[in-house]
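# Structural features, examined
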Amino acid sequence: MTGTTAHPLPHHREDGPADAPPLILGPSLGTSLAVWEPQMAALARQFRVVRWDLPGHGGTPYDVLLGRTDGTAGTDGTARADGTARADGTAPTEGTAHTVADLAALVLALADSLGIDRFAYAGISLGGAVGAWLAVHHPERIASLALVCSSARFGEPEGWHERAALVREQGMAAIAETTPGRWFTPAFVGTPEARDLLDGLRTVAPEGYAACCDALATYDLRGDLGRIGAPTLVVAGRDDPATPPAHARELADGIPGASLTELAGAAHLANAERPAQVLAALLGHLTAYPADGGATDDRTRHAAGTTVRRAVLGDAHVDRATARTTAFTAVFQDFITRYAWGEIWTRPGLSRHTRSCVTITALVARGHHEELELHLRAALRNGLTAEDIQEVLLQSAVYCGVPAANSAFVLADRVIAEHREGK
Ligand SMILES: O=C(O)CC1=CCC(=O)O1
């Protein structure tokens, strides 16, 4: 690896300390590196964050894959005859379809140009597909992987060919009506955040968008998921019509040891619609698997633990616990933040949903009603429905005893009712 490269580079942006562990972030189709803005401030405190733009999106020329080498070339339609973009030495030429492997080659060239050898990678949708492809084909480069609203195969190729043809013929306006419903839930569509992302879509070069549709059409990593050795987090939006939770489950089931977090109230751009939840899931995962593979120190564990504790128990609870901390209890607060939250709840091996099921059962068994109330609220925050909680309590009645479950049912009934009333 060298600090220079003759390979074409995508437009990119770096944030965070230059000596922090490197984290590369990939965008989704139709968005630019700005899509990660809701998570940037927090990520850049702990990581050297590098964000990149897809061809024709943000600042990357649509024809970057045709051999341009500086990532800043104009969009005059000319392509270098000696294009070298493809990982296998061949170059995509005018008129041939681009692939996810071509996009992955851009990311590797970018990392090389920045002197980054091994890095954590998180990508949304198509950006995630690029990360998954790299984890299969260049495992030595990927320290950990997060796939947000992504897929091992984005549906039938015909749909992508049709969409590519549509934007090539009619421009980006042709998909302006259908995109909001895929990206956002109805409640979020009218927000300033959603409007900014949809404004960005209108600025995408149709040829670049179509090239990415071509890449999606041929992408199918289903047979290779078992080859991914990087610790992997999969995040799904429960209301995502583009890559529904079944796609996320396929990824999580196929990638050894992957964990899955499903977010309620989120469609395809879950990181815009549920910014805090996506950030908490990412931080928990990324800090558990540092890019240098080194030991995580107590300060980092405490920071990761605080983030997850806030996401699961809520800011109000953590603020109360912090305010109540005395010189005598401080050592215990530090211990549970680092250990329970920083070491265990941050582990990728189980989803937060499953951890809530286990925690509720244990608290029912031991009759810890104060903690149980807290964790019933946490369970609702972690995406369990009233029906899920009912099932967990029925199951616990069998193994922990009917009287224990009886008290838990009364408690849960009240907590769920208060949750519905917004208390
Ligand atoms: O635009 C869509 O349908 C959603 C999508 C699929 C791949 C991607 O990056 O976004």
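Because the structure is predicted, anything quoted here is derived from the model rather than measured.

Criteria and thresholds
- Residues numbered from 1 in each chain as written.
- Predicted model: local features only at pLDDT ≥ 70, side-chain atom pairs only at ≥ 80, totals over all residues.
- Heavy atoms only, no water.
- Salt bridge = Lys/Arg side-chain N within 4 Å of Asp/Glu carboxyl O.
- Helix = DSSP H or I, 4+ residues; strand = E, 2+ residues; numbered from the N terminus.
- Buried < 20%, exposed > 50% of the residue type's maximum accessible area, 1.4 Å probe, protein only.
- Near = heavy atom within 4 Å.
- Polar contact = N/O pair within 3.5 Å; in protein donor to acceptor, adjacent residues only side chain to side chain.
- Areas by Shrake-Rupley, 256 points an atom, 1.4 Å probe, with all protein chains shown as cover.
- Nonpolar A, V, L, I, M, F, W, Y, C, P; charged D, E, K, R; others polar.
- Pairing = 2+ DSSP bridges.
- Right-handed = clockwise from strand over helix to strand, strands pointing away.
- Patch = residues over 30% accessible without salt bridge, like charges linked within 9 Å, V, L, I, M, F, W, Y side chains within 5 Å.
- pLDDT = per-residue confidence, 0-100.
- Contact = heavy atoms within 4.5 Å.

This part takes up the pattern of salt bridges. Tallying each qualifying case throughout the model produces 22 salt bridges. A salt bridge links D117 to R141, with the nearest nitrogen and oxygen atoms 3.7 Å apart. With a gap of 24 residues between them, D117 in the loop between α2 (100-113) and β4 (119-124) and R141 in the loop between α3 (126-137) and β5 (142-148) connect regions that are remote in the sequence. With a relative accessible area of 9%, R141 lands in the buried category. Across the pair E262 and R249 runs a salt bridge, and its minimum N-O distance is 3.3 Å. Taken together, the positions of E262 in strand β7 (residues 259-263) and R249 in helix α8 (residues 245-254) put the pair 13 residues apart, joining distant regions of the chain. According to the relative accessible area criterion, R249 is partly exposed, its value standing at 38%. The network of salt bridges with shared partners includes R13, D15, E37 and R51.

Moving on to the site of the ligand. Looking at the ligand, the residues that line it are S28, L29, S125, L126, F154, W160, R163, R182, L216, A242 and H268. Here an oxygen atom of the ligand and a backbone polar atom of L29 are 2.8 Å apart. The contact in question runs from an oxygen atom of the ligand to an N or O atom on the backbone of L126, over 3.0 Å. Taken by itself the ligand offers 280 Å² of open surface, and the protein chains cover 98% of this. Per-class residue counts for the shell around the ligand are 6 nonpolar, 3 polar and 2 charged.

Counting buried positions over the 6 residues of β4 gives 6, a clear majority of the element. Every second residue of β4 is oriented toward a common face, with F119, Y121 and G123 on one face and A120, A122 and I124 on the other, all of them buried. In this sheet, β4 lies alongside strand β2 (residues 22-26) in parallel orientation, the contact comprising 4 bridges. Note on β4: the bridge partner recorded for I24 is Y121. The pairing of β4 with β5 spans 6 bridges and is classified as parallel. Looking at the pairing, I124 lines up with V148 of β5. The handedness of the β4 to β5 crossover, carried by α3, is right-handed.

A contiguous nonpolar patch, built from V331, F332, F335, Y339 and I344 and spanning about 490 Å² of accessible area, is present on the exposed surface. Inspection of the secondary structure assignment puts I344 in helix α13 (residues 330-345).

Another aspect to go through is the confidence of the model for the protein chain. As a note on interpretation, predicted positions should not be read in detail where pLDDT is low. Across the protein chain, the average pLDDT comes to 89, with 90% of residues at 70 or higher. Taken together, the stretch residues 68-87 has pLDDT below 50 and engages in 56 contacts with residues farther than four places along the chain or on a different chain. In the model output, the complex is listed with pTM 0.69 alongside ipTM 0.86.

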